[in-house]
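Summary of structural features
Spelled out, the chains give:
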Amino acid sequence: MSQNNKKYHVYGLGNALVDMEFEVSDQFLSDKGIEKGMMTLIDENQHHTLFDDLKDTFGVIKQASGGSAANTIIAASYFGANNFYSCRVSSDETGDFYVKDLMAAGVDTNMNGNRETGVTGKCLVMVTPDAERTMNTYLGVSEHFDHSNIVEGAIADSTYLYIEGYLVTSESGRHAAIQARDAAKKAGTQIAMTFSDPAMTQFFKDGLVEMLGEGVDLLFCNEHEAQLFTGKETAQEAIEELAKLAPHLVVTLGKDGALIVKDGERYQIPAFPVKAIDTNGAGDMFAGAYLYAITHGHSPQEAGRLASRSASELVTHFGARLPAESHDQLKQEIL
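So, here's what we can say about the structure. In this text the structure is predicted, and so the values were computed from the model without any measurement.

Structural notes on the overall build of the protein chain
- Scanning the protein chain from N- to C-terminus turns up 13 helices and 14 strands.
- At 18 Å, the protein chain has a C-alpha radius of gyration in line with the 20 Å of a compact globule built from 335 residues.
- For the protein chain, buried positions account for 57% of its 335 residues.
- Within the protein chain, contacts between residues at least 6 apart in sequence are counted, and of these 76% link residues at least 24 apart.
- Taken as a whole, the protein chain presents about 13,500 Å² of accessible surface, with 46% of it coming from carbon and sulfur.
- Charge centroids of the protein chain, computed over 26 positive and 47 negative side chains, lie 4 Å from each other.

Side note on the nonpolar core
- Residues Tyr85, Tyr98, Leu218, Tyr290 and Leu291 are the most contacted members of the largest nonpolar core, which totals 58 residues.
- When residues of this core are assigned to their parent elements, the largest contribution, 9 residues, is made by helix α11 (residues 282–294).

Topic: the sheet that holds strand β4 (residues 62–66)
- The sheet built from 5 strands is open, its strands ordered β3-β8-β7-β2-β4 with mixed pairing. Two strands lie at the open edges of the sheet, namely β3 (39–41) and β4, each paired on one side alone. On average, each strand axis in the sheet is inclined to that of its neighbour by 25°, with strand direction left out of account.
- For strand β7 (residues 121–127) and strand β8 (residues 133–138), the ladder comprises 6 bridges, and the chain directions are antiparallel. Each residue of the ladder has a partner; that of leucine 124, found in β8, is asparagine 136.

As for the packing of α11 against helix α12 (residues 300–314)
- At a closest axis distance of 8 Å, the pairing of α11 and α12 adopts a crossing angle of 150°. The two elements α11 and α12 cross, and the hand of that crossing is right-handed. Residues Ala282, Met285, Phe286, Ala289, Tyr290, Tyr292, Ala293 and Ile294 of α11 touch α12, and the partners they reach there are Pro300, Ala303, Gly304, Leu306, Ala307, Ser308, Ser310, Ala311 and Leu314.

Things to note about the sheet that holds strand β5 (residues 83–86)
- The sheet built from 9 strands is open, its strands ordered β6-β5-β1-β9-β10-β11-β12-β13-β14 with mixed pairing. Of all strands in the sheet, those bounded by a partner on one side alone are β6 (108–109) and β14 (265–269).
- Bridge analysis of strand β13 (residues 258–262) against β14 gives 5 bridges, and the strand direction is antiparallel. From the neighbouring strand, lysine 262 faces β14, where its bridge partner is glutamate 265.
- Those strands touched by helix α9 (residues 223–230) are β11 (218–222) and β12 (248–252), and its axis lies near 105° from that of β11.

A short note on the environment of isoleucine 34
- Positionally, isoleucine 34 belongs in the loop between α1 (26–32) and β3.
- Among the residues examined, isoleucine 34 registers a relative accessible area of 12% and is labelled buried.
- For isoleucine 34 and isoleucine 163, which are 129 residues apart along the polypeptide, the C-alpha to C-alpha distance reads 27 Å.
- Ignoring any residue separated from it by four or fewer positions in sequence, one finds isoleucine 34 in contact with Leu29, Leu50, Met126, Thr134 and Asn136.

Focus on the side chain of asparagine 83
- Of note, asparagine 83 is situated in strand β5.
- Here the side chain of asparagine 83 touches valine 10 through a polar contact of 3.1 Å, landing on its backbone nitrogen.
- At 3.1 Å, the side chain of asparagine 83 and the side chain of serine 77 are in polar contact.
- If we skip the residues at most four places from it in the chain, asparagine 83 touches Tyr8, His9, Val10, Ile73, Ala76, Ser77, Gly106, Val107 and Asp108.

So, how was this worked out
- Residues numbered from 1 in each chain as written.
- Predicted model: local features only at pLDDT ≥ 70, side-chain atom pairs only at ≥ 80, totals over all residues.
- Heavy atoms only, no water.
- Helix = DSSP H or I, 4+ residues; strand = E, 2+ residues; numbered from the N terminus.
- Rg over C-alpha atoms; globule rule 2.2 N^0.38 Å.
- Buried < 20%, exposed > 50% of the residue type's maximum accessible area, 1.4 Å probe, protein only.
- Contact = heavy atoms within 4.5 Å.
- Areas by Shrake-Rupley, 256 points an atom, 1.4 Å probe, with all protein chains shown as cover.
- Lys, Arg positive; Asp, Glu negative; His and termini not counted.
- Charge placed at Lys NZ, Arg CZ, Asp CG, Glu CD.
- Core = buried A, V, L, I, M, F, W, Y, C linked by side-chain atoms within 4.5 Å.
- Pairing = 2+ DSSP bridges.
- Axes fitted to C-alpha atoms, helices over the stretch in contact; angles between N-to-C directions.
- Left-handed = near helix turned anticlockwise from the far one by under 90°.
- Polar contact = N/O pair within 3.5 Å; in protein donor to acceptor, adjacent residues only side chain to side chain.

As structure tokens, then:
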């Protein structure tokens, strides 16, 4: 059951990256001078060198179309939402793989027509024995995501616009996000945004402030991002500050579950304890399940429980996505 007669539940925009995942040791990250638990941008030469080292030392576990918002949009689609994803890939083999993967998940995209030459973005995801994910990303043509990749008609025909915080690292991407936000406001489409990564709040705060504008309808972040963005010492103080920017705020708290603040009401969402083997994509899955639920008539508590349970299921698998059939099982269990 959809809340309105718009064609799409969620229109997402973000980087298009093919994720390549590796199980690595803490020593490997230390030897390579790679900052653990963060997303770091690298150039094409660094990507090739690191990829060769990883492949030779550890071997690839998994490859899938990714990028933070794409993971969210695909999860929401697997739950049953009808979604659109704006991104930028090239006409190379990796780009073909990416578009086929999106469309196989039932997601409409601006990239199923003519595409430019160049290199499609890739993300090297390194998972340490404590299940933490560290990412080194070569954006490729995704770095030039811009206004030409925005489909304003599809934004107007969506219940929510969902903006990925990683777009802040590229000037054209940031401007495209602002254009999409303005188009959504004009059309009466609700605006959701995620901070995406602690590095974005630490190093690109001014750009995020610009993307947020006068505020958004729904904001996703984790407690670390909340504290870095607001400069507050405790998660509670940070949450009070962020609630001024978004009347609907979803803050994930790791093993403590999540806190949802909506129109001044607070809802504590429990965690579902599991043995995590890979935390890559947990926040993306949380957002995807949550967006599915709130666009299908469920309360913040129900949406939060589905999101928390789905994220806990995801971290028991390698990779940022669950098998398609898992989503119906999760819905039956929680909703």
